[in-house]
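Notes for the structure review
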Amino acid sequence: MNLTRRGVMLVIASPSGAGKSSITRRLLDEQDNLTMSVSVTTRPMRKGEVDGKDYHFVKTKTFDRMRDAGDLLEWAEVHSNFYGTPVADVDQKIQAGQDVVFDIDYQGTQQLYEKRRDHLVSVFLLPPSIPELKSRLQGRALDSEEVIDRRLQNARVEMEHWAEYDYVLINDDLEKTSADVTNILKTAQISRARQTNLSGFIKELQSQIDSL
Ligand code: 5GP
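To keep things clear, this report deals only with the structure shown in the data block. As the structure is a computational prediction, the values presented were derived from the model and not from experiment.

1. Section: the packing of helix H1 (residues 20-30) against helix H7 (residues 174-189)
Two numbers describe how H1 lies on H7: the axes approach to 10 Å, and their chain directions differ by 55°. Relative to H7, the element H1 is oriented oblique. In terms of crossing hand, the pair formed by H1 and H7 is right-handed. Contacts between H1 and H7 involve Ser22, Ile23, Arg26, Leu27 and Glu30 from the former and Leu174, Glu175, Thr177, Ser178, Val181 and Thr182 from the latter.

2. A word on the sheet that holds strand S4 (residues 56-57)
One open sheet accounts for four strands, arranged S4-S3-S6-S5; its pairing is mixed. At either margin of the open sheet sits one strand with a lone partner, and together these are S4 and strand S5 (72-78). Relative to S4, strand S3 (residues 40-41) runs parallel, the two sharing two bridges. Bridge pairing in S4 places Val40 opposite His56.

3. Concerning the pairing of strand S6 (residues 81-86)
Counting buried positions along S6 gives five out of six residues, so the element sits mostly inside the fold. Where S3 lies against S6, two bridges are found, and the strand directions are antiparallel. Opposite Thr41, over in S6, you have Tyr83 as the bridge partner. Inspection of the sheet shows S5 paired to S6 by six bridges, in the antiparallel sense.

4. A word on the packing of aromatic side chains
For the coordinates displayed, the defined rule picks out six aromatic pairs. Ring centres of Tyr55 and Phe57 lie 5.7 Å apart, and the angle between their planes is 65°; on these two criteria the pair is classed as edge-to-face. Residue Tyr55 is classed as buried on the basis of its relative accessible area, which comes to 16%. Note on Phe57: relative accessible area 17%, which makes it buried.

5. A look at the pattern of salt bridges
One pass over the full model with this rule turns up ten salt bridges. Asp68 is the salt-bridge partner of Arg67, the closest N and O atoms lying 3.4 Å from each other. Accessibility expressed as a relative area gives 61% for Asp68, which makes it exposed. As a salt-bridge pair, Asp180 and Lys176 come within 2.9 Å of each other at their nearest N and O atoms.

Criteria and thresholds
Residues numbered from 1 in each chain as written. Predicted model: local features only at pLDDT ≥ 70, side-chain atom pairs only at ≥ 80, totals over all residues. Heavy atoms only, no water. Axes fitted to C-alpha atoms, helices over the stretch in contact; angles between N-to-C directions. Helix = DSSP H or I, 4+ residues; strand = E, 2+ residues; numbered from the N terminus. Parallel < 35°, antiparallel > 145°, perpendicular 65-115°, else oblique. Left-handed = near helix turned anticlockwise from the far one by under 90°. Contact = heavy atoms within 4.5 Å. Pairing = 2+ DSSP bridges. Buried < 20%, exposed > 50% of the residue type's maximum accessible area, 1.4 Å probe, protein only. Phe/Tyr/Trp six-rings, centres within 6.5 Å; stacked < 30°, edge-to-face > 60°. Salt bridge = Lys/Arg side-chain N within 4 Å of Asp/Glu carboxyl O.

These results come straight from atomic positions and should not be treated as a statement about function.
Structure (structure tokens):
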């Protein structure tokens, strides 16, 4: 008997610099059935980013149009830019049994809880300390000191929402945290809520008993 299942919607959130990208990249490399949800954003493209892969980079007018047309499953303003998750691709994948990982903030996670509770598993990563977080942000050399300070202030706000997540992990060891996130995904894949033809299988077993 082959049980079929819906996909898992896996949110991995963290203050920027807490290791979310590395963990997500590893997970995507290791899990064949997992793809990344590519958000739309009004943020300017950073050096090295690829349109359609890292984000769909759009003008504010396009973003507003998508939001007003209901094309976004969730959206939020983060660091003075707008971000949102296109709904169609995600829903199609979940119904087809493919798992999707999201890099979205707490506001987006709250909206997914409201709209797709049954499909969602959420993980919040914490840095081991703030000096460590700050040095990771400086080490990336992506942003100016001013932007880094703003991200640290935002980290404060993000962390207030720790209790809204299913799992909270301290990322002091990339290997261990990656393994924990893999286990969380695997457990979610086999949970009862994910299965789509269990009741048919149970009926079949019952009818086999009846015909003994
Ligand atoms: P960045 O500009 O550094 O790529 O992302 C900034 C923040 O926006 C991150 O915390 C990221 O999780 C969040 N973010 C990215 N895409 C989305 C999205 O589609 N929705 C929401 N709510 N947040 C997002």
